[in-house]
Amino acid sequence: MLFSWRGGPGARLLLLSLLFLTAWETGSGQVHYSVPEEAKHGTFVGRIAQDLGLELAELVPRLFRVASKGRGDLLEVNLQNGILFVNSRIDREELCGRSAECSIHLEVIVDKPLQVFHVEVEVTDINDNPPVFPESEKRIIIAESRPPETRFPLDGASDADIGVNSALTYRVYPNDYFTLGTQNNREQTSSLSLVLRKSLDREEIQEHSLLLTASDGGKPELTGTVQLLITILDVNDNAPEFDHLIYKVRMLENAFNGTLVIKLNATDSDDGTNADIIYSFRRPVSPAVLYAFSINPGSGEIRTKGKLDFEEKKLYEISVEAVDKGNIPMAGHCTILVEIVDINDNAPEVTVTSLALPVREDAQVGTVIALISVSDRDSGANGQVTCSLMPHSPFKLVSTFKNYYSLVLDSALDRESVANYEVVVTARDAGSPSLSATASVSVEVADVNDNAPAFAQPEYTVFVKENNPPGCHIFTVSARDADTQENALVSYSLVERRVGERALSSYVSVHAESGKVYVLQPLDHEELELLQFQPRQPNPDWRYSASLRAGMHSSVHLEEAGILRAGPGGPDQQWPTVSSATPEPEAGEVSPPVGAGVNSNSWTFKYGPGNPKQSGPGELPDKFIIPGSPAIISIRQEPTNSQIDKSDFITFGKKEDTKKKKKKKKGNKTQEKKEKGNSTTDNSDQ
């Protein structure tokens, strides 16, 4: 095994011989191994976990896995020891054909956090394929008049291996009349010929049988053979000749069927029928040539007849022979090399793998969402692909390797603003005109508990009649949470405190799920006029509350302005119906709350900023001073069923007028006490 670490000036090279395996790691983080083809199951390839810097104990928890595009299960990793080994038969020729380089690309993926490593495993060639001739028997017709050194083309053998394992040498036996010759050309191809060593005598030998053997350069070498049956004929002594032995033609891969490739012209020095020439593909003809081209026997025109595809085949080698019509036919030969020119006829392909979804809305910038790979079967600029994202989104593409990208988070997420993104990955090649392909990635944003419950308002005022039955429902609180599912479930509880000698929970309770507030015992206005408590959402991270104020009234109750608000679910309140004051020019106007009643002994007025002393039980103040204003509110209560206009219940006047009428009003007040049996208190100086 050859192992080398390329990490800087102090790089070391360690050479070990072990199954011809090679492993090395470059500074870019890519690990390379090599393994010979046909290696047995279980053959050691490399310590992949160690070479990637992963601990053995974390392979299973981090979901260590290996993906190989289109390579099946050729290689496998033992998660117990982190060793990469051969899992099934590897045939290099099946994987890569005659390509000089052959490797298996592995994607190693681990989670927590998500990481991807790229590993290249080179498959080295072994000499497992013998040379093979196109046919087991070859018949050749040679006129006895052909001079020595005449060459007769032969079809060489092919070897599926590469390198020295495919380097072929030939020998022929017996070789009294013939020898082998090869000719190299500028295109780095060679042609095999049977060379006549001396003149033939048909009357002496009419037929020659030779054995042609091909041997490769492997150790041990492998061989293949073909039987050559040579018939010696007389008469026609001139073969057709082409202008060139090799013709080169370039064709666009989108050429229409019937497009002319080349018009061949062979000449024959003979006369008459011996000079008439028939053109044909020299046998054996490859299926690829028969599918793509046709030849006109009389004119020598070669035209396309099948679809040409640069991505399938880049070069065609067509062997043509021109045979005359003599009694003893003679043939001339040439080769046409047809190079297929690539056009931009393949759109890029986009593959999205390893989706890490859904994404938490508190995910850190740089979090990997998905792995994306692109490819284009075209070559050159037509196969160069760039990727982009549409539309604008909090994500970006990061190139991790050639034609490999990571879709990562580029800015913070907020599920309450956007819960799902449709990210479109566009791959576009550099051809002209360019082609593109798209792949859609649906990114769902997972909720986290980042929003506190919120009440509709911070404070509520509720009025409750005294002597209520136990368990009476007086109000319902409601809080909402912008989160979803379990993060949006709200429960309620009371903030416990002392009310006098007793705990708040002995007076009221709140239903944890519905938010309904209940009074647990009858309330007495004379003992408790105002009860303040706070319901809350019992979440250890968020504590938002709103104040509830419940008051029990059987007489006039005074509250600060800006606090009194009738909450939903509270008892119906009966308010005075006074709608205007006295008709004096300087009088004011009073508008009671919506839903006020007529015959009520519970009146509530808003004024402030002060909070005056409340009247005693059964007492009705005859006037109120509005702080910061010269006005005074005067109040009087008439007996039940009184026909007096209710608009006279409340009048507005100036403080000076009040002082002048003080004695008169006091007398009226005494009379009213006698009639009603009520006790009132003068709060005019409050």
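Rules behind the numbers
Residues numbered from 1 in each chain as written. Predicted model: local features only at pLDDT ≥ 70, side-chain atom pairs only at ≥ 80, totals over all residues. Heavy atoms only, no water. Helix = DSSP H or I, 4+ residues; strand = E, 2+ residues; numbered from the N terminus. Contact = heavy atoms within 4.5 Å. Polar contact = N/O pair within 3.5 Å; in protein donor to acceptor, adjacent residues only side chain to side chain. 1 Å grid on protein atoms, 1.4 Å probe; cavity = no way out; pocket = protein on both sides within 12 Å on 5 of 7 lines; lining within 4 Å. Points joined across faces, edges and corners; volume = space filled by probe spheres on them. Nonpolar A, V, L, I, M, F, W, Y, C, P; charged D, E, K, R; others polar. Salt bridge = Lys/Arg side-chain N within 4 Å of Asp/Glu carboxyl O. Buried < 20%, exposed > 50% of the residue type's maximum accessible area, 1.4 Å probe, protein only. Disulfide = S-S within 2.5 Å. Pairing = 2+ DSSP bridges. Axes fitted to C-alpha atoms, helices over the stretch in contact; angles between N-to-C directions. Lys, Arg positive; Asp, Glu negative; His and termini not counted. pLDDT = per-residue confidence, 0-100. Phe/Tyr/Trp six-rings, centres within 6.5 Å; stacked < 30°, edge-to-face > 60°. Lys NZ or Arg CZ within 6 Å of the ring centre and 35° of its normal.

A.B. asks: I'd love a proper account of the environment of Arg428, names of residues and values included.
C.D. replies: Within the secondary structure, Arg428 is located in strand E33 (residues 420–429). Remark: the alpha-carbon pair of Arg428 and Ser388, spanning 40 residues in sequence, is separated by 8.4 Å. With residues near it in sequence (within four places) discarded, Arg428 still touches Pro348, Gln384, Val385, Thr386, Ser434, Leu435 and Ser436. Only 3.3 Å separates the side chain of Arg428 from the side chain of Ser434, close enough to count as a polar contact.

A.B. asks: I'd love a proper account of empty space enclosed by the protein, names of residues and values included.
C.D. replies: Evaluation of the coordinates by the stated rule reveals three cavities of 30 Å³ or more. Computed from the structure, the largest cavity encloses a volume of approximately 70 Å³. Around the largest cavity, the lining residues are Phe133, Pro134, Glu135, Lys138, Leu154, Asp155, Leu212, Val226 and Leu228. Class assignment of the residues belonging to the lining of the largest cavity gives a composition of six nonpolar, no polar and three charged.

A.B. asks: Residue-level account of the pattern of salt bridges, with values.
C.D. replies: Considering all chains together, one arrives at 13 salt bridges under this definition. A salt bridge links Arg139 to Glu137; its shortest N-O distance comes to 4.0 Å. Under the relative-accessibility criterion, Arg139 is labelled exposed at 57%. A salt bridge links Arg415 to Glu416, with the nearest nitrogen and oxygen atoms 3.2 Å apart. Taken together, the shared-partner salt bridges in this structure form one network comprising Glu38, Arg89 and Asp91.

A.B. asks: Can you explain the state of the cysteines? Please cite residues and give values.
C.D. replies: Counted by the stated rule, this structure contains one disulfide. The side chain of Cys96 participates in a disulfide bridge whose partner is Cys102; the two sulfur atoms lie 2.0 Å from each other. The S-S bond linking Cys96 to Cys102 shows a torsion near 70°; that makes this disulfide right-handed. Here Cys96 and Cys102 have matching classes, each one buried.

A.B. asks: Tell me what's going on with the sheet that holds strand E5 (residues 44–46), and back it up with residues and numbers.
C.D. replies: Ordered in space as E5-E8-E7, the three strands form an open sheet in which the pairing is antiparallel. Each end of this open sheet is capped by a strand with a single partner; those strands are E5 and strand E7 (75–78). Neighbour to neighbour, the strand axes of the sheet diverge by 40° on average, direction disregarded. For E7 and strand E8 (residues 83–86), the ladder comprises four bridges, and the chain directions are antiparallel. Following the sheet pairing, Leu75 is matched in E8 by Val86.

A.B. asks: Explain the sheet that holds strand E24 (residues 301–304) to me, using residue names and the numbers behind them.
C.D. replies: Across the sheet, three strands lie side by side as E20-E24-E23; this open sheet has antiparallel pairing. Among the strands making up the open sheet, the edge pair consists of strand E20 (260–263) and strand E23 (293–295). The mean inter-strand angle of the sheet, taken between neighbouring strand axes irrespective of direction, is 15°.

A.B. asks: Describe the side chain of Asp309, and please don't skip the residues or the numbers.
C.D. replies: With respect to the helices and strands, the residue Asp309 is situated in the loop between E24 and strand E25 (315–324). Among buried charged residues, Asp309 stands out as having no salt bridge; its nearest opposite-charge side chain is Lys307, 4.3 Å away. Within the local environment of Asp309, its side chain forms a polar contact with the backbone nitrogen of Glu311, the two atoms lying 3.0 Å apart. Other than its neighbours up to four places away in sequence, Asp309 contacts Glu253 and Arg377.

A.B. asks: A description of the side chain of Glu466 should follow, citing residues and the corresponding values.
C.D. replies: Take Glu466: it is sitting in the loop between strand E36 (459–464) and strand E37 (472–476). Put simply, Glu466 is tucked away with no salt bridge, and the nearest opposite charge, on Lys465, sits 11 Å away. Among the polar contacts made by the side chain of Glu466, one reaches the main-chain amide nitrogen of His525 at a distance of 2.9 Å.

A.B. asks: Please provide a residue-by-residue account of unusual backbone geometry, values included.
C.D. replies: Between Arg283 and Pro284 the backbone carries a cis peptide bond, its omega angle lying at 0°. Even without being a glycine, Asn467 presents a positive backbone phi close to 60°. Its place among the elements puts Asn467 in the loop between E36 and E37. In this structure, Gln485 takes a positive phi of about 55° despite not being glycine. Within the fold, Gln485 resides in the loop between strand E38 (479–480) and strand E39 (493–494). A relative accessible area of 61% places Gln485 in the exposed class.

A.B. asks: I'd like to hear about the confidence of the model for the protein, residue by residue, with values.
C.D. replies: Per-residue pLDDT for the protein has a mean of 76; in total, 72% of the residues score no lower than 70. Throughout residues 1–28 the model reports pLDDT below 50, and contacts reaching past four residues in sequence, or to other chains, amount to 52 contacts. Contacts of residues 539–686 to residues separated by more than four positions or lying in other chains number 276 contacts, the stretch itself having pLDDT below 50.

A.B. asks: Which residues make up the packing of aromatic side chains, and what values go with them?
C.D. replies: Under the criterion given, the structure shown has seven aromatic pairs. Between the NZ or CZ atom of Lys198 and the centre of the ring of Tyr177, over which it lies, the distance is 4.5 Å. Lying across the ring of Tyr507, Arg502 places its NZ or CZ 5.0 Å from the centre.

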